[in-house]
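Notes for the structure review
Residues per chain, in single letters:
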Amino acid sequence: MFQPPVFREDRVEVMHDLMVRHPFAMLVSAAAGALSADHVPLVLRTDGSEFGMLQGHLSIGNPLYRKAEGEIEVLAAFQGPQTYITPSWYPSKQQHGKVVPTWNYAVVHAHGKLRFQNDPDWLMTHLAELTGRHEAERSEPWAVTDAPQDFMAGQLKGLIGFEIEIRSLDGKWKVSQNRQAQDREGVVVGLQGETDIQAQHMSDLVREYAK
């Protein structure tokens, strides 16, 4: 990923926060003989290592499991807020007109080694944590123990768990840092006038990174 210094984010805690808030990642590898990308929800575990560990699961029919052997080099890409930026929001458009559209976004790339987990107890614990995180705010949260035990046992037979030891993290927050202060404020105001929730989140990031 191309990372001009003005957009680079190196703080692990900031990248971890995005990964937790936006856990549906694109998992990329070439282990099955060609480039492949799977889209999976991941759980970040801060296990005491520098960058932490990711846990997830796939269908046992996935070629990544069927064809790959040993530890697998993977890239997990996490997409945070992203939105189109119109040059009409820049006050400098009225001054000289030398402006063009762009796209603002925040992303994290987690590089690491994937290894599969065949233990049914491990997989059940992972699924309980994954669903627990996403059910926590509901008035009547669902839990894996709500389903019949034999039914869940059958479901587990179709899944394979995995862990990714994160070796490095790359963060890119392209949130108008390269614009003059008046243009950044114009972007904030413009985004706040949009109805898209992505635009609202991006307006917060533009203001935060303008400091």
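All of the points below concern the structure found in this document. Every chain is numbered independently, its residues counted from 1 as its sequence is written. A pLDDT threshold of at least 70 governs which residues receive local features in this predicted model, and a stricter bar of 80 or more applies before side-chain atom pairs are shown or counted, although totals over entire chains, interfaces and linings include all residues. The basis for every side-chain value is the complete set of non-hydrogen atoms in the structure, without hydrogens or water.

Looking at the overall build of the protein
Here a strand is any run of E in DSSP of at least two residues, a helix any run of H or I of at least four, and the numbering for each starts at the N terminus. Along its length, the protein carries 7 helices and 8 strands. The principal-axis extent of the C-alpha atoms belonging to the protein is close to 70 × 45 × 30 Å. In the protein, 76% of the contacts between residues at least 6 apart in sequence involve partners at least 24 apart. Under this rule, positive means Lys or Arg and negative means Asp or Glu; His and the chain ends count for nothing. Every charge is mapped onto a representative atom, which is NZ of Lys, CZ of Arg, CG of Asp or CD of Glu. The distance from the centre of the 20 positive side-chain charges to the centre of the 27 negative ones in the protein is 9 Å. Here, two residues are considered to be in contact whenever any of their heavy atoms come within 4.5 Å of each other.

Description of the pattern of salt bridges
Salt-bridge detection follows one rule: a side-chain nitrogen of Lys or Arg within 4 Å of a carboxyl oxygen of Asp or Glu. What the rule picks out here adds up to 12 salt bridges. Among the ionic pairs, Arg 115 bridges to Glu 71, the shortest N-O distance being 3.9 Å. Placement of the pair is Arg 115 in strand β7 (residues 102-117) and Glu 71 in the loop between α2 (63-67) and β6 (72-85), with a sequence separation of 44 residues. For Arg 115, a relative accessible area of 27% corresponds to the partly exposed category. Burial status follows relative accessibility: with a 1.4 Å probe on protein chains alone, a residue under 20% of its type maximum counts as buried, one over 50% as exposed, and anything between as partly exposed. Here Glu 71 falls in the partly exposed class, since its relative accessible area comes to 46%. One salt bridge connects Arg 115 with Glu 163, and the closest N-O pair in it is separated by 3.6 Å. One end of the pair, Arg 115, is in strand β7; the other, Glu 163, is in strand β8 (residues 159-174), and 48 residues separate them in sequence. Judged by relative accessible area, Glu 163 falls into the buried class, the value being 9%. Look at the salt bridges and you will find they share partners, linking Arg 45, Glu 129 and Arg 133 into a network.

Details of the nonpolar core
Put simply, a nonpolar core is a bunch of buried Ala, Val, Leu, Ile, Met, Phe, Trp, Tyr and Cys residues held in one set by side-chain atoms that sit within 4.5 Å of each other. Core analysis: the largest hydrophobic core is formed by 42 residues, its most contacted members being Met 19, Leu 27, Leu 54, Phe 78, Phe 162 and Trp 173. Put simply, the parts of the chain that give this core at least two residues each are α1 (12-21), β2 (24-29), β5 (53-59), β6, β7, β8, α6 (181-192) and α7 (197-209). The element best represented in this core is β8, accounting for 6 residues.

Focus on α7
Any helix carries an expected span of 1.5 Å times its number of residues minus one. In a regular helix each residue adds 1.5 Å, so 13 residues correspond to 18 Å; α7 covers 19 Å between its end C-alpha atoms and thus fits that length. Taken together, the buried positions of α7 are occupied by Ala 199, Met 202, Ser 203, Leu 205, Val 206 and Tyr 209. Summarising the axial view, the buried residues of α7 lie within an arc of 165 degrees, below the 170-degree limit, and thus occupy one face. Among the exposed residues of α7, those pointing more than 90 degrees away from its buried face are Ile 197 and Asp 204. Against the buried residues of α7 lie β1 (8-9), α1, β6, β7, β8 and α6. Arc definition: directions from the helix axis to the C-beta atoms.

Overview of unusual backbone geometry
Located in the positive-phi region is Ser 176, a residue other than glycine, with phi close to 70 degrees. Position of Ser 176 among the secondary structure elements: in the loop between β8 and α6. Classification of Ser 176 as buried rests on a relative accessible area of 3%.

Structural notes on the pairing of β7
For two strands to be treated as a pair, DSSP must find no fewer than two bridges joining them. Relative to β7, β6 runs antiparallel, the two being bridged by 12 bridges. By the bridge assignment, Tyr 84 is partnered in β7 with Trp 103. Bridging between β7 and β8 involves 13 bridges; their strand directions are antiparallel. Across the sheet, the residue bridging to Val 108 is Gly 171, located in β8.

Examining helix α4 (residues 120-135)
Each full turn of the α-helix corresponds to 3.6 residues, which orients residues three or four apart in the same direction. Over its 16 residues, α4 extends 22 Å from the first C-alpha to the last, a length consistent with the 22 Å expected when each residue adds 1.5 Å. Buried within α4 are the following residues: Trp 122, Leu 123, His 126, Leu 127, Leu 130 and Glu 135. Against β3 (36-41), β4 (43-45), β5, β7, α5 (149-156) and β8 lie the buried residues of α4.

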